[in-house]
Structure formats: structure tokens, C-alpha cells
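# Observations on the three-dimensional arrangement
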Amino acid sequence: MSDQTDGADRTGPGAGAADAAGRGAAGGAAEASAAGPSAGPGAAGGASAAAGSGGGPGAAATGGAGAAAGAGSDAGAPTAAAATATAGVGGAVPPQPTPGDAAAWHAWQEHLFQQRAAAARAKAAAPADWTVRVRPAEAAPVGTATLAAALVAGLASALLLGNGLGLGLLLAVVPAAVAAYAAARTARRTARPWSVAWAVGCLGLLAIPALRDSAWPSTLAILAAVLLGALALHGSRTWPGIGLSPIGFLEAAVSGVGWAWAGLRSRSGGSRDRWLPVAKATAVAAALLLVFGALFASADAAFADLLGDLTPDVSVGDGPVRVVLFLAGTVLALAAARVAAAPMRWDRLKAAPGKPRSRVEWALPLIVLDLLFAGFNAVQLTVLFGGYDRVLRSTGLTYAEYARQGFWQLLCATLLTLAVIALALRWAPRGGAGDRRFVRVVLGSLCALTLVVVAAVLRRMDLYVDAYGLTRLRVSVAAVELWLGLVIVLIMAAGVVGARWLPRAVAGSAAVAVLAFALLSPDGMVAERNAARFQQDGKIDLAYFQSLSADAVPALDGLPEPQRSCALRGIADGLAEAGDVPWYATSLGEYRARQILRERPVTASYEVCSRLGAFGSRVAY
């Protein structure tokens, strides 16, 4: 306070000069402050000189010159903004090194190293761009209907899946589908035609274990159902989306539990009037069912048998398994609901197109491949119309050897052709309409020639089956080759009308193929074909029938004795070892097999079947 009064009362000739000197010093200090560490000691020295002059007309000029000299002393040093932004890295920013000061230089280099390390750590901690693009939106709060349906799905899994698959699988999945539907409605998502088709196909595939006893068609059906369920919930329509949609269940299995827990906590903090009446009513209903059900069961034996057949058989010994099934069913239902509420956006992943090639560079390898396919197909047509006898005489091969010789090679050629088409489309010339027509002609020719190869594969398989009979492996490979031929037809159609629908069409064709394959009952087809072959030439492989499922029993039941009993012995022993199976774990194929074997049991002895070769070793192919 006193200093300000003394300065204000100054008078005399030096007062103006002193005031000007003060302003010059302040300006120099401001410049030094704005320059930061890069200004160096020169700026501060210039400002001090100006302030210390106390007067004289050159004071301000001296300060400005000193600031300018200091600012220019270290040209090329980091800017003040960069130094300020990284001042928190490793402590305070060290001063700029001066020439000849080794310690200051090392301190500055250490600071720069820490700055670069901090930037690298920040970049590594930041999420990848693709994870940000596919990250789902914030899910709407979980609804009461979703929680109830998920709980019912867990209870159904615990009660119906402990004894095996069958109709119980579909009954356990239906509440999970209801939970997903309720979550989607809460999130105001509308069902599109493709999503409805995927959902219906998913439920249809999950009904396969209720129809077929064979494990491998049921396994394929369940895997295909998972794919269709993921497509129904995510709504994917691109190749990355269709391929990655099932992975969304893994993320939702974790986030879905937290999502449901947050919903339960929000409800627990509310009024008891909302949930207490429901809990009381549920407890009273369970008590009434238990009391009156026990009374009616003890009063009537027929009702007791019916109740025993309908009620799941739960014992204390399988309690841990039931608990695991309950948790798995509940978590999977919550995962489906979480995906329905906020799905991953897999369609946002875009594969960058390859660099377009010139026509010559792109087409020359493909045209050469087309010519090779044409030559091979010409030979196949010659063999087809010229007869196999001449080919067998010229090659020295037997009938079966010729049929088997190139089957696997031709199957691999079909798969490689699809890969070649995909890569060719990636690097195809895209200069205009002329290039598009050129690409369609070249790839269309390759697809058409590949269809002839598919026909050759199927013909060779037919020859081999005529010689050695039908097996699971052979019917499976033939089905895969038929589906590959369908995919090639879809690619040809996409080249004409556009390919936007192609990913969903390929996925749908795969699901339809799996569904048709399971409905045709491959084990039944194998048994029927071999039984017909026995009627024609008396050849039969009884040892192979021992590994078939109960789906083969109706076809094998038509064989004469003792071949019938020997063919059915392995299946009958398996069903007897399994014992009584509840209705929800029994397939239609197993039910029919048990009924047939109950009416016409196996009669041939072990010795008779052993002499017929029913228990010998064999090669699967």
C-alpha cells in the first residue's frame, strides 16, 4: 500500500522516463513468459536489463532487443505449447539446455523420451478403430418380461436337458426366444422379413433332435441354428457380419449378466408392492399343485402313471448337473436378450477392395484356368458317352478304383475354384461398364465349367456307391458337393442381378441344406440303400450297421432273417443299455425303433451273427 503511494506521488523530469521504463520491462517480461522454456535465458535477461535501467529513452528498446535475442537463441527447440502439454510427464519440464551444459542436455533428452513413451502408452490404451465401430449402443433397461422368460429358460434347461436332447431342447429355447423378443420390443427394434425368416429357420433346426436319433445331423442342425439365431438378432447382411455374428453371443454372455443384475437392483430399491404379490401368488400356486397333485396321484394309478411320465425325473445325485444347466440356460437366454436389445454392429466392418488390375494381368491366369477346365470336362463327357468299359481297359483300373481315384481331388478343385473366384473379384478391373461385362464373362465361364466338375464328382460317387455301398461319409460328402454346386449357381445369379443379397443367400442355403439333410435321415438312407443292394446281389456289410443310430431300424427291419437280427443287434443293445428315456429326451426315430424292436425283437444268436461277419472290423470309407 505504501509503495503504491510513493510511486504515485513521484514528480519531476524523470517520472515519465521511469514510467516508460516500467512499461518496457513489463513488455519484455510478458514476451519472456509467452516464449516459455524455448525463450531461454536471453529473454529474461533482456527484460531485467530494461527494468533495471530505471529511465532513459532506450530502456524499452533494450528490453525488446534482449527478448528477441533470447527467443532466437535456440531456434529448432520444441514449441512452448508442446512443452506445456507434456509438462506433467515425468514431473516439471526441465529448462532448455545451453551449449556446453551436458547435464541439462541429458535432462532434456530424458524428458523427450518420457514424452514419447507416454504417447505410445496412450495409443496402446485407446481401443482399436474397428472395436469402436462395432460397439453396440447402450441397451435399454431390462424388462420384467425379459427377466421372467430368462428364468423360465433356465428352469426348462435344468429340468428337460439333464437326460439328453430331444423335444426338451426346443422347449428350453422357446422361452429364450421370448426373452429376446421382449427385449427387442423394449428397445423399439422392429422385425424385418429376413430376421423373421432366420428366427423361424432357427426354431426349425432346433426341432431336429426331436426327430432324429443320429447325433451328427443333430449337431450340424444345432450349429446352423446358432448361426441363424445370431443373424436374426444382429440383422447382419454382409460377409463380415454373417461370419462374425455368432461371436456377439460371447460378448453378450458377459454383459447380459451385468445388464440383468442392474435391472434387478433397480427393482429391489422400489416398492415391495410391485413384486411381493407376485411372489406370494407363485408360492401359493406351487403349494396347491404339490398337495393336490400328490392326493390325485395316490388316489388313481392311471393318473399317477400319467403324472410320472410328464414330470421330469430329478434326483439328488444329478443336482450339480441340473444347477449347471440352469445357470447355462439362464445366461444364454440373457445373452440372446442382450443382443436383441443392443446388437453388435458387425456390418460396419468393411473389407477394403484390392487394387484393380489391368485386363491382361487379371484375365490371363483365369482364361488359362478356363481352358484347363474345358479340356478336363471334354474328357469327362467322352467317358460319359463312350462308356466306362473302354476307359477301364485303357487305364488298367478296376470299376471301383476309377470311381474312387479322383473323387477327393475333384472336391478340392471345387473348393479352390470358389477361393479363386473370391480373389479374382477382389482384384478385378473396375474401369467402367466394359470392365464389368468382361469380368462377368470370364468368371461366368469358370463357374459354368465348375458345375460340370461338380457333376463329375457326383457321378463318381454314384459309381463308388454302386460298387461298395453307401456310408455316412459318402452321403455327407455328396451333400456337401451338392451345396457347393448351389453356391456356384448363386454366384452366377449374383453376377447378373447384383450381389447385395448373396451373403444372406449363401447362409440361408447352408441352413436349408442342413435342415434337408437331417430330415432325409442319412442313417435311414444308408440302411435303405444297403438293404436294397442286398436284395439285388446278396452283398451286405453287417459290421457297419452296428454303429448306426435308431433311425436305421425301419429300413433294416425289412431284411430277411438272420441278417435282420444281426444288423439290428448293435442298435438293440444300445437302446437296452440306455434304458427308459423320458418323453422330452426321446426322438421320434428312437420311439419308432423301440416300438419295432418291442414287436419283433432280435432272435439270431451271437454265434450266427459272428459267422455272418456282424462283428468284424471294417474301413469307414
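Note that this is a predicted model, so its numbers are computed, not measured. (Residues numbered from 1 in each chain as written. Predicted model: local features only at pLDDT ≥ 70, side-chain atom pairs only at ≥ 80, totals over all residues. Heavy atoms only, no water.)

For the protein, the count of helices and strands is 30 helices and zero strands. For the protein, with 621 residues in total, the buried portion stands at 37%. Considering only residue pairs separated by 6 or more positions, the protein has 76% of its internal contacts joining residues 24 or more positions apart. Summed over its atoms, the accessible surface of the protein is roughly 33700 Å², and 67% of this surface lies on carbon and sulfur atoms. (Helix = DSSP H or I, 4+ residues; strand = E, 2+ residues; numbered from the N terminus. Buried < 20%, exposed > 50% of the residue type's maximum accessible area, 1.4 Å probe, protein only. Contact = heavy atoms within 4.5 Å. Areas by Shrake-Rupley, 256 points an atom, 1.4 Å probe, with all protein chains shown as cover.)

Taken as a whole and assessed by the stated rule, the structure comprises six aromatic pairs. Look at Tyr464 and Tyr468: their rings are 5.0 Å apart centre to centre, the planes differ by 40°, and that puts the pair in the tilted class. Placement of the pair is Tyr464 and Tyr468 together in helix α22 (residues 433–468), with a separation of four residues, close to one helical turn. Residue Tyr468 is classed as partly exposed on the basis of its relative accessible area of 46%. With 5.4 Å between their ring centres and 85° between their planes, Trp583 and Tyr584 make a pair best called edge-to-face. Overall, Trp583 belongs to the partly exposed group, its relative accessible area being 37%. Sitting above the plane of the Phe438 ring, Arg359 keeps its charged end 5.1 Å from the centroid. (Phe/Tyr/Trp six-rings, centres within 6.5 Å; stacked < 30°, edge-to-face > 60°. Lys NZ or Arg CZ within 6 Å of the ring centre and 35° of its normal.)

Let us now look at helix α24 (residues 502–519). With 18 residues, α24 should reach 26 Å at 1.5 Å per residue; the first-to-last C-alpha distance of 25 Å fits that figure. Every buried residue of α24 is listed here: Leu502, Pro503, Arg504, Ala505, Val506, Ala507, Gly508, Ser509, Ala511, Val514, Phe517 and Ala518. Considering only its buried residues, α24 is in contact with α10 (193–206), α11 (208–211), α12 (215–234), α13 (239–244), α23 (472–497) and α25 (522–537). Following α24 by one or two positions, Ser521 has its phi on the positive side, about 60°. (Expected span 1.5 Å × (residues − 1).)

Turning our eyes to something else, we now look at the confidence of the model for the protein. Averaged over all residues, the pLDDT of the protein is 79; the fraction at 70 or higher stands at 74%. Here residues 1–90 is modelled with pLDDT under 50, and outside its nearest four sequence neighbours on either side it reaches 67 contacts, counting other chains as well. (pLDDT = per-residue confidence, 0-100.)

This next bit is on the environment of Arg440. Relative to the assigned elements, Arg440 resides in helix α22. Excluding its chain neighbours within four sequence positions, the residues that come into contact with Arg440 are Ser445 and Gly495.

Tallied over the full model, the rule gives 11 salt bridges. Linking Glu599 and Arg600 is a salt bridge whose minimum nitrogen-to-oxygen distance equals 3.7 Å. Residue Glu599 is classed as exposed on the basis of its relative accessible area, which comes to 52%. Among the ionic contacts, a cluster of salt bridges with common partners joins Asp557, Glu561, Arg564, Glu599 and Arg600. (Salt bridge = Lys/Arg side-chain N within 4 Å of Asp/Glu carboxyl O.)

Attention now goes to the nonpolar core. In this structure, Ile491, Leu548, Leu556 and Ile571 are the most contacted members of the largest nonpolar core, which totals 54 residues. When residues no more than four places from it in sequence are discounted, the contact partners of Leu556 are Ala527, Phe545, Arg564, Ala567, Leu568 and Ile571. (Core = buried A, V, L, I, M, F, W, Y, C linked by side-chain atoms within 4.5 Å.)

For the structure shown, the criterion picks out one disulfide. The side chain of Cys566 participates in a disulfide bridge whose partner is Cys609; the two sulfur atoms lie 2.2 Å from each other. On the S-S bond that ties Cys566 to Cys609, the torsion sits near -90°, and the link is left-handed. Of this pair, Cys566 sits in helix α28 (residues 563–578) while Cys609 sits in helix α30 (residues 606–611); the two residues are 43 residues apart in sequence, bridging distant segments of the chain. (Disulfide = S-S within 2.5 Å.)

Let us now look at the environment of Val324. For Val324, the position within the fold is in helix α17 (residues 319–341). Assessed through its relative accessible area of 54%, Val324 is described here as exposed. In this structure the C-alpha to C-alpha distance between Val324 and Gly162, which are 162 residues apart in sequence, comes to 9.9 Å.

In this section: a nonpolar patch on the surface. On the surface, Val284, Leu288, Leu290, Val291, Phe292, Leu295 and Phe296 cluster together into a nonpolar patch covering about 710 Å² of accessible area. With respect to the element layout, Leu288 can be found in helix α15 (residues 276–299). (Patch = residues over 30% accessible without salt bridge, like charges linked within 9 Å, V, L, I, M, F, W, Y side chains within 5 Å.)

A pair of packed helices is captured by two measures, namely the crossing angle of their axes and the spacing between those axes. Axis separation between α28 and helix α29 (residues 588–599) bottoms out at 11 Å; the angle between their running directions is 115°. Viewed along their axes, α28 and α29 form a crossing whose handedness is left-handed. Across the interface between the two elements, Arg564, Leu568, Ala572, Leu575 and Ala578 from α28 touch Glu590, Ala593, Arg594, Ile596 and Leu597 from α29. For the contact of α28 with α29, the residue count by class is seven nonpolar, no polar and three charged. (Axes fitted to C-alpha atoms, helices over the stretch in contact; angles between N-to-C directions. Left-handed = near helix turned anticlockwise from the far one by under 90°. Nonpolar A, V, L, I, M, F, W, Y, C, P; charged D, E, K, R; others polar.)

On to α29. For α29, with 12 residues, the first-to-last C-alpha span of 17 Å sits near the 16 Å given by 1.5 Å per residue. Turning to α29, its buried residues number three or more, namely Gly589, Glu590, Ala593, Arg594, Ile596 and Leu597. Along α29, the residues classed as buried sweep out an arc of 165° about the axis, all on the same side. Looking at α29, the residues exposed on the side facing more than 90 degrees away from the buried face are Tyr591, Arg598 and Glu599. Against α11, α27 (553–556) and α28 lie the buried residues of α29. (Arc of directions from axis to C-beta.)

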